[in-house]
Amino acid sequence: MDTSNPAVFVNSELLRLHVGRRVRAVIQVLKSDGGGSVIGKSTDDQQLVIKGYPSAPLSTFVEVIGIAEGNQSIRAEIFTNFGDVFDMSCYNAVCQLANRDYKHLFL
Amino acid sequence: MYGNSQFDGNAAFSGGGFMPSQATQNADPAFSPAKSREAQALLPLTVKQISEAFQASDDKANFLIDGVDVNNVKLLGMLYEKTERVTDVSFVLDDGTGRIDCHRWVNEAVDTKEMELLLNGMYVKVHGHLKGFQGKKQLMVYSVRPVTDYDEVANHFADCIYVHCYNTRLRSQDAHQVPGHMQNSTFNTPSKGYQSTPSNNVSVQYNTDEVKGIERKILDFLQQPSCIAKEKGVHRDEFVQYLNVPENKILEAIESLESEGLIYSTIDEFHFKSTANG
């Protein structure tokens, strides 16, 4: 039982609050050039840059878990394909709840 | 009596009866079939909530979260460190809020098959029983299923939030308090911070003695630097306004605090200060 390394749910608005910390976000892949960076759209419709090398081809929606490097970029450790159908607004709402009123359940 | 129930009731679920070291542990009365249905309800939880779960009493081995008995829990996260042994499979579940050890007893081919399909790094839904073992919390898992529709991730965490809200509001209604009270303390926990203990401890407190809860708040309020600075003390009406509690309850609380010597009246019988600040 270990809660020392949580990954905070973020969208692009919340990403800037957690720079340097471990975060998780779902993005809709816009451009994936295999050259070490993936451009995606966050759950609140902003552009994010994900640095890292995915181990498998990416689906439309991908969850990245990694360290927040800047206001708009994440250095990814793990890419998880979330398929081609996904409800971004629902995940966005969870991000907001998990960071505000219900932070104590997550962090 | 309880020692026997571990071996006959729900043996398929407990599995713990087979391990010699666990057999010497106090039996878990939660497995008694006579328990009401409510005590066996399934709770969706995050690992963080589990890590803060309050042990009800030493001999019961039952946990409390948000004032509710925790038996069966539902978690969703990534599976890591899968280790297959002869009669069981163990793994670590990481749901983004923490990591918890899990054990799945494999008695039949169906169980083994279920576990074989799982790979490290996969998102899974886990359903099991929360157990404390040698001071650590572990999950005795009944089923593990891979996640196929990833909307389930958001759904699970929304579920955790909903159930948490429901249980904490239920506690506040049980204690016959002004509903705004419990909401304030739950939602403002991060900022107001006068609930310095985890929320599940607070709900136990409200259940047993509601006046004590108000007294605590009055004391905390009086110990704020702005109140300490006031030489004349704080007027009784300010408590009513600040805490949003009916005046008669405030009066009761003040009387009790005064008789215990925790507050004293200053310029008149309406103004008070805390004795513990110097």
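Residues numbered from 1 in each chain as written. Chains lettered and ligands numbered in written order. Predicted model: local features only at pLDDT ≥ 70, side-chain atom pairs only at ≥ 80, totals over all residues. Heavy atoms only, no water.

Novice: When you look at the overall build of chain A in this model, what are you seeing that I'm missing?
Specialist: Secondary structure summary: chain A contains 2 helices and 6 strands in total. Along chain A, helices and strands appear, N-terminal first, in the series β-α-β-β-β-β-β-α. Burial statistics for chain A: of 107 residues in total, 50% are counted as buried. In chain A, the share of contacts with a sequence separation of at least 24, taken over all contacts with a separation of at least 6, comes to 52%. When the accessible surface of chain A is summed, it comes to about 4800 Å², and 46% of that surface belongs to carbon and sulfur atoms. (Helix = DSSP H or I, 4+ residues; strand = E, 2+ residues; numbered from the N terminus. Buried < 20%, exposed > 50% of the residue type's maximum accessible area, 1.4 Å probe, protein only. Contact = heavy atoms within 4.5 Å. Areas by Shrake-Rupley, 256 points an atom, 1.4 Å probe, with all protein chains shown as cover.)

Novice: Explanation requested: the nonpolar core in the structure shown.
Specialist: One broad trend across soluble globular proteins is that nonpolar side chains are buried collectively. Ile 50, Phe 82 and Phe 86 of chain A together with Tyr 123 of chain B are the most contacted members of the largest nonpolar core, which totals 43 residues. When residues no more than four places from it in sequence are discounted, the contact partners of Ile 50 of chain A are Ile 27, Gly 36, Ser 37, Val 38, Val 64, Ile 74, Ala 76 and Phe 79 of chain A. (Core = buried A, V, L, I, M, F, W, Y, C linked by side-chain atoms within 4.5 Å.)

Novice: In this structure, what is going on with the interface of chain B and chain A? I would like to understand it.
Specialist: For interface size, the figure often reported is the accessible area lost on association. Taken together, the contact pairs 30 residues of chain B with 25 residues of chain A. Carbon and sulfur atoms make up 66% of the surface buried where chain B meets chain A, a total of about 2600 Å² over both sides. At the boundary of chain B with chain A, the tally comes to 0 salt bridges. At the boundary of chain B with chain A, the tally comes to 8 residue pairs in polar contact (both at pLDDT 80 or more). Among the elements that take part in the side of chain B that touches chain A, helix H6 (residues 151-174) of chain B stands out by supplying 9 residues, more than any other. Classifying every residue of the side of chain B that touches chain A gives 15 nonpolar, 8 polar and 7 charged. (Buried area = accessible area lost by both parts, 1.4 Å probe. Salt bridge = Lys/Arg side-chain N within 4 Å of Asp/Glu carboxyl O. Polar contact = N/O pair within 3.5 Å; in protein donor to acceptor, adjacent residues only side chain to side chain. Nonpolar A, V, L, I, M, F, W, Y, C, P; charged D, E, K, R; others polar.)

Novice: Even after reading the chapter, I still don't get the state of the cysteines, so can you show me in this structure?
Specialist: Each disulfide consists of a covalent bond between the sulfur atoms of two cysteine residues. One pass over the full model with this rule turns up 0 disulfides over all chains. Residue Cys 95 of chain A stays outside any disulfide, its sulfur separated by 10.0 Å from that of Cys 90 of chain A, the closest cysteine. (Disulfide = S-S within 2.5 Å.)

Novice: Explain the sheet that holds strand S12 (residues 271-274) of chain B to me, please; I cannot follow it from the model alone.
Specialist: The strands making up a sheet associate through backbone hydrogen bonding, with each pair oriented either parallel or antiparallel. Residues and elements named next belong to chain B. One open sheet holds the 3 strands; their spatial order is S10-S12-S11, and the pairing between them is antiparallel. In the strand order of this sheet, the two ends are held by strand S10 (234-235) and strand S11 (263-265), each with one partner. Sheet topology note: the S11/S12 ladder contains 3 bridges and is antiparallel. Residue pairing for S12: Ile 263 is matched across the bridge by Ser 274. (Pairing = 2+ DSSP bridges.)

Novice: Explanation requested: the packing of aromatic side chains in the structure shown.
Specialist: Here a ring pair, both rings aromatic, is described through the centre-centre distance and the interplanar angle of the planes. Tallied over the entire structure, the rule returns 11 aromatic pairs over all chains. Between the aromatic rings of Phe 61 of chain A and Phe 86 of chain A, the centroid separation amounts to 5.7 Å while the plane-to-plane angle is 45°, which identifies the pairing as tilted. Taken together, the residues Phe 61 of chain A in strand S5 (residues 61-68) and Phe 86 of chain A in the loop between strand S6 (73-81) and helix H2 (88-99) connect sequence positions 25 residues apart. Residue classification places Phe 61 of chain A among the buried residues on the basis of a relative accessible area of 7%. In this structure Phe 86 of chain A comes out as buried when scored by relative accessible area, which is 10%. Between Phe 106 of chain A and Phe 157 of chain B the ring centres are 5.6 Å apart and the planes differ by 45°, which places this aromatic pair in the tilted class. Highlighted residues: Phe 106 of chain A in the segment after H2 and Phe 157 of chain B in helix H6, drawn from two different chains. (Phe/Tyr/Trp six-rings, centres within 6.5 Å; stacked < 30°, edge-to-face > 60°.)

Novice: What's the story with the side chain of Arg 236 of chain B in this structure? I'm lost.
Specialist: Relative to the assigned elements, Arg 236 of chain B resides in helix H12 (residues 236-243). Excluding residues within four positions of it along the chain, Arg 236 of chain B makes contact with Glu 247, Ile 250, Leu 251, Ile 254 and Phe 270 of chain B.

Novice: Help me out: how do you make sense of the environment of Arg 16 of chain A in this one?
Specialist: Looking at where Arg 16 of chain A falls in the secondary structure, it is placed in the loop between helix H1 (12-15) and strand S2 (22-32). Once the C-alpha coordinates of Arg 16 of chain A and Glu 69 of chain A are considered, the two residues, 53 residues apart in sequence, prove to be 8.9 Å apart.

Novice: Would you explain the confidence of the model for chain B in this entry?
Specialist: Residue and element names in this part refer to chain B. On average, residues of chain B carry a pLDDT of 73, and 68% of them reach 70 or more. Of the regions scoring below 50 in pLDDT, residues 2-11 engages in 12 contacts with residues more than four places distant in sequence or in other chains. Every residue in residues 14-35 scores below 50 in pLDDT, and together they form 45 contacts with partners more than four places removed in sequence or on other chains. Predicted as a complex, the structure gets a pTM of 0.62 and an ipTM equal to 0.91. (pLDDT = per-residue confidence, 0-100.)

Novice: In this structure, what is going on with the pattern of salt bridges? I would like to understand it.
Specialist: When their charged atoms lie close together, side chains carrying opposite charge are able to pair. Under the definition given, this model contains 18 salt bridges over all chains. Between Arg 100 of chain A and Glu 13 of chain A there is a salt bridge, with the nearest N and O atoms lying 3.1 Å from each other. Separated by 87 residues along the polypeptide, Arg 100 of chain A in the segment after H2 and Glu 13 of chain A in helix H1 bring together distant segments of the chain. Since its relative accessible area comes to 38%, Glu 13 of chain A is described here as partly exposed. Residue Arg 236 of chain B pairs with Glu 247 of chain B through a salt bridge whose shortest N-O separation is 3.5 Å. In this pair, Arg 236 of chain B is assigned in helix H12 and Glu 247 of chain B in helix H13 (residues 247-259), connecting sequence segments 11 residues apart. In this structure Arg 236 of chain B comes out as buried when scored by relative accessible area, which is 16%. According to the relative accessible area criterion, Glu 247 of chain B is partly exposed, its value standing at 36%.

Novice: How do you make sense of the pairing of S2 of chain A when you look at a structure like this?
Specialist: Here is the key point about a regular strand: its side chains alternate between the two faces of the sheet. Residue and element names in this part refer to chain A. As paired elements, strand S1 (residues 8-9) and S2 share 2 bridges and run parallel to each other. Pairing of Phe 9 across the sheet is with Arg 24, part of S2. Here S2 pairs with S5 via 7 bridges, running antiparallel. Considered in S5, the bridge of Gln 28 is made with Phe 61. In this sheet, strand S3 (residues 37-41) lies alongside S2 in antiparallel orientation, the contact comprising 4 bridges. Across the sheet, the residue bridging to Lys 31 is Ile 39, located in S3. Between S2 and S3, which pair antiparallel one after the other, the connecting turn spans 4 residues, and Gly 34 there sits at a positive phi close to 70°.

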